[in-house]
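What the coordinates show
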Amino acid sequence: MKLTSMVVENNEGDTYYDNGVKYVYSKPNGMDNASDFKIYFPGIKISDLPKQVVAWCPIGTSEAETLPYYVIYNEVGQSAFIGIVN
């Protein structure tokens, strides 16, 4: 998958408060050098995933043999986004 453009709704440094907590907008983390992404689907064998992807996955010491969620992996920036399956 290729990222061709990205639009953000707020500016870096903008702030707001919610329930007494201050939130500060930052640049989209994990999107540095973002152009090529790979999508991994639940059920893929963990042993078939690149080491860099597994490093981002909160599998821990789990004995899971397959990926339990979706992963979008930024190949150039080497960061991942994980989507939990309900």
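Below, the structure is looked at part by part. This structure is a prediction, so every number in the text was calculated from the model and none was measured. (Residues numbered from 1 in each chain as written. Predicted model: local features only at pLDDT ≥ 70, side-chain atom pairs only at ≥ 80, totals over all residues. Heavy atoms only, no water.)

1. What to know about unusual backbone geometry
- Non-glycine residue asparagine 19 carries a positive phi angle of around 55°.
- Tracing the backbone shows asparagine 19 in the loop between strand E1 (15-18) and strand E2 (21-24).
- Overall, the relative accessible area of 77% leaves asparagine 19 in the exposed class.
- Notably, glutamine 78 is not glycine yet its phi reads approximately 50°, a positive angle. (Helix = DSSP H or I, 4+ residues; strand = E, 2+ residues; numbered from the N terminus. Buried < 20%, exposed > 50% of the residue type's maximum accessible area, 1.4 Å probe, protein only.)

2. Description of the sheet that holds strand E5 (residues 79-83)
- Strand order in the open sheet made by the three strands is E3-E4-E5, with antiparallel pairing throughout. Two strands lie at the open edges of the sheet, namely strand E3 (37-40) and E5, each paired on one side alone. For this sheet the average axis-to-axis angle between neighbouring strands, irrespective of direction, equals 15°.
- Pairing between strand E4 (residues 70-74) and E5: five bridges, direction antiparallel. Among the inter-strand pairings, valine 71 is bridged to a residue of E5, identified as isoleucine 82. (Pairing = 2+ DSSP bridges. Axes fitted to C-alpha atoms, helices over the stretch in contact; angles between N-to-C directions.)

3. What to know about the environment of lysine 45
- Looking at where lysine 45 falls in the secondary structure, it is placed in the loop between E3 and helix H1 (51-56).
- Accessibility expressed as a relative area gives 52% for lysine 45, which makes it exposed.
- The spatial distance from the C-alpha of lysine 45 to the C-alpha of glutamate 65 is 5.9 Å, given a sequence separation of 20 residues.
- Look past the residues within four positions of lysine 45 in its chain and what remains in contact with it is Glu65 and Thr66. (Contact = heavy atoms within 4.5 Å.)

4. Focus: the packing of aromatic side chains
- Per the stated rule, a full pass over the model turns up three aromatic pairs.
- Relative to tyrosine 23, the ring of tyrosine 16 has its centre 5.0 Å away and its plane inclined at 15°; by these criteria the two rings are stacked.
- Judged by relative accessible area, tyrosine 16 falls into the partly exposed class, the value being 36%.
- Accessibility expressed as a relative area gives 36% for tyrosine 23, which makes it partly exposed.
- Measuring from ring centre to ring centre gives 5.7 Å for phenylalanine 41 and tyrosine 70, while their planes differ by 75°; the resulting arrangement is edge-to-face. Note that phenylalanine 41 is positioned in the loop between E3 and H1 and tyrosine 70 in strand E4, a separation of 29 residues in sequence.
- Taking relative accessible area as the criterion, tyrosine 70 reaches 39% and is therefore assigned partly exposed. (Phe/Tyr/Trp six-rings, centres within 6.5 Å; stacked < 30°, edge-to-face > 60°.)

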